[in-house]
Amino acid sequence: MNGLIAGIVGGLRHIGELTINGIWRLGFITRFLFAVLLASGQSLRRIHLTIRELFFSGVLSLLIITVSGLFVGLVLGLQGYDILQRYGSADAVGVMVALSLLRELGPVIAGLLFASRAGSAITAEIGLMKTTEQLKAMDMMAVDPLARVVAPRFWAGVLAMPLLAALFSAMGIFGGWLITVVVIGVDDGAFWSQMQATVEFEYDVLNGVIKSFVFGVVVSLIAVFEGYDCKPTAEGVSRAITRTVVTSALVILALDFVLTSFMFRG
Amino acid sequence: MMSRTALDLWVGIFVAIGFAALAFLAFKVANFSALNASETYRIEAPFDNIGGLKVRAPVKSAGVLIGRVQAIRFDSDSYRALVQMEIDKRFEFPADSSASILTSGLLGEQYIGLDAGADVEPLKDGDRVLLTQSAVVLEKLIGQFLFDKAAAPAAQ
C-alpha cells in the first residue's frame, strides 16, 4: 500500500518536473529572443556579418529548395490531373497546384528543408564554438557573442526563409505546368487564366509569405538557441542538432495548423 | 574562405532570385494588377435567396469581371439578404440595372451577373440595385417540377 502511494507520488513528481522544465525552457527561449533582439544593433550596423550568414543559410539552400520544389510540383500536377480529369475539370489543375503550394506546401516544406539544411548547420557551428570555448574567449575580449555570432545568424535565417519559400512555390508551379501542359497536354491558356482568376495576391500569396516569415523566425530562433544552450561536449552538440531538427519540424507543423485556421477559414 | 566581393555577389543573386520568385507569384500566378490598382464604388442589392454566394465572389457583366462581393448580411426588416458589391470606378452602369445570382458551369462557383438597364442616370456610390433575381435553388426547382407534374393531369 505504501509502495503504491510512493509510486503514484513519484509519477506525479516526474510529471511536475517535466512541466516545470518545459515552462522554464519556454521562458528561457523567450528571454533569449529578447536578448538577441537587443544585441542585433551591431549585426545591422556591420551588415557584412549578416550577409556572410545569408550566404550560408540562403545561397547554399538554393539547390535543395529548387529541386524539391520542382519535384513536389511535378507530383502535385500528376496527381491533381489524375483526380480532376475524372470530373472533366482538368483545366483546374493549375488552380489546385498553385493554391496548395502557396497556402500550405510552399511555406511548410521549405521550412522543414530550411530547418534540416540551414538550422542544423547553425546549431552545429554555435555548439562547436561553445564546446571549444570560442564564445567564452570572445566574452573575455569584450566582444558580445550574442551580437557577433548569434544575431547575424538569426537575422539571416529570418530574411532567407520567405525568399526560399517563394522560390519553392514558384518552382512547384513551374513543375506543375511542366507536367500538365507540356507533357500531358492541358491547355496552356486555361491553366494560367483559371489560376489568375482564383488566386488572390492579398489572400493567398501574402498569407503564404507571412507564414514563411513566421517559420523563419521560429526555425532560426530554435537553431541559435539550441546551439547556444547545448552541453559543451561532442555528445551535447550532436543532441542539440537533433533537437533543432525535431523541434523545428514539430513547431512548424503545429504553427501551420494554427495559422491556417486563422487565415483560411472562408 | 571566399572573398568579400564573391560573397556579396552570391547573396545578391540569391536575393534577386527570391524577389523574382515573389514577382512571378504576384503577377503571373495571382494577377496582382486586376482590380487592385483601380478605385471602386459600392452598391448593394437585396436578394430573396443568395444560395451559395460567398464574400469575395466575382461580379461580372457580359462575362467580364468588374468587381467583387464585399459583404453579405441579413436585413431583419425585409427578411432578405443584402449583398454589398465593390465595382471598378471605370465601369458605370445605368441606375435601373438588374443583378442576378448565376452559377459558372454546372457545379461551379456562384457569381453576380450585372445587366445594364436603360436609365440615363448612372449608379452611384451607396446606391441600391432594385431589380434582382435570386439564386436557383435545386430543391425548389425540383419541387416546382413535381408540383406541375401532379397538377397537369388533374387539369385535363
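Being a predicted model, the structure only gives us computed values, none of them experimental. (Residues numbered from 1 in each chain as written. Chains lettered and ligands numbered in written order. Predicted model: local features only at pLDDT ≥ 70, side-chain atom pairs only at ≥ 80, totals over all residues. Heavy atoms only, no water.)

1. Observations regarding the overall build of chain B
When helices and strands are tallied, chain B shows 2 helices and 8 strands. Mapped in sequence order, the helices and strands of chain B form the string α-β-β-β-β-β-β-β-β-α. Dimensions of chain B, computed from the C-alpha atoms along their principal axes, are close to 95 × 40 × 30 Å. Residues counted as buried form 29% of the 156 residues belonging to chain B. The contacts in chain B between residues at least 6 apart in sequence include a share of 63% that link residues at least 24 apart. As presented, chain B carries roughly 9,700 Å² of accessible surface, and 60% of it is formed by carbon and sulfur atoms. (Helix = DSSP H or I, 4+ residues; strand = E, 2+ residues; numbered from the N terminus. Buried < 20%, exposed > 50% of the residue type's maximum accessible area, 1.4 Å probe, protein only. Contact = heavy atoms within 4.5 Å. Areas by Shrake-Rupley, 256 points an atom, 1.4 Å probe, with all protein chains shown as cover.)

2. Concerning the UniProt feature "transmembrane region" (unreviewed entry) in chain B
Residues annotated by UniProt as "transmembrane region" (unreviewed entry) correspond here to residues 7-27 of chain B. The distance separating the terminal C-alpha atoms of residues 7-27 of chain B is 30 Å; by composition the span is 100% helix and 0% strand. (UniProt positions renumbered as here; feature names shortened; annotations may be inferred.)

3. Regarding the domain arrangement of chain B
Interfaces are often sized by the accessible area lost when the parts come together. Annotation of chain B at the domain level lists domain 1 (1-32) and domain 2 (40-142). Summarising the inter-unit geometry, the C-alpha centres of domain 1 of chain B and domain 2 of chain B are found 42 Å apart. (Domains from an automatic or database assignment.)

4. Examining the UniProt feature "transmembrane region" (unreviewed entry) in chain A
Using the residue numbers shown here, the UniProt feature "transmembrane region" (unreviewed entry) corresponds to residues 22-42, 54-81, 93-115, 163-185, 205-228 and 240-264 of chain A. Along residues 163-185 of chain A one finds 96% helix and 0% strand; the C-alpha atoms at either end are 31 Å apart.

5. Focus on a nonpolar patch on the surface
A contiguous nonpolar patch, built from Met1(A), Leu4(A), Ile5(A), Ile8(A), Val9(A), Leu12(A) and Ile15(A) and spanning about 740 Å² of accessible area, is present on the exposed surface. Relative to the helices and strands, Leu12(A) is located in helix α1 (residues 2-39). (Patch = residues over 30% accessible without salt bridge, like charges linked within 9 Å, V, L, I, M, F, W, Y side chains within 5 Å. Salt bridge = Lys/Arg side-chain N within 4 Å of Asp/Glu carboxyl O.)

6. Points about the pairing of strand β5 (residues 98-103) of chain B
Residues and elements named next belong to chain B. Here β5 runs beside strand β6 (residues 110-115); their pairing, made up of 6 bridges, is antiparallel. Bridge pairing in β6 places Thr-103 opposite Gln-110. Pairing of β5 with strand β8 (residues 131-133) involves 3 bridges; the strand directions are parallel. Residue pairing for β8: Ala-99 is matched across the bridge by Thr-132. (Pairing = 2+ DSSP bridges.)

7. Some thoughts on the interface of chain A and chain B
With 31 residues of chain A at the contact, the number on the chain B side is 27 residues. Counting across the chain A and chain B interface gives 0 salt bridges. Joining chain A to chain B, the criterion identifies 2 residue pairs in polar contact (both at pLDDT 80 or more). At the level of elements, α3 (47-57), α5 (93-131), α7 (145-184), α8 (188-198) and α9 (201-229) of chain A are the ones that each hand at least two residues to the side of chain A that touches chain B. The leading source of residues in the side of chain A that touches chain B is α7(A), at 8 residues. Split by residue class, the side of chain A that touches chain B holds 23 nonpolar, 5 polar and 3 charged. (Polar contact = N/O pair within 3.5 Å; in protein donor to acceptor, adjacent residues only side chain to side chain. Nonpolar A, V, L, I, M, F, W, Y, C, P; charged D, E, K, R; others polar.)

8. Focus on the packing of aromatic side chains
Residue and element names in this part refer to chain A. Under the definition given, this model contains 11 aromatic pairs over all chains. An angle of 85° between the planes, with centres 5.2 Å apart, marks the rings of Phe-191 and Trp-192 as edge-to-face. When the ring of Tyr-203 is compared with that of Phe-264, the centres are 5.4 Å apart and the planes differ by 85°; the resulting orientation is edge-to-face. Note that Tyr-203 is positioned in helix α9 and Phe-264 in the segment after α10 (234-263), a separation of 61 residues in sequence. The same class applies to Tyr-203 and to Phe-264, which are both buried. Here the aromatic residues Trp-24, Phe-28, Phe-32, Phe-225 and Tyr-228 are joined through ring pairs into a cluster of three or more. (Phe/Tyr/Trp six-rings, centres within 6.5 Å; stacked < 30°, edge-to-face > 60°.)

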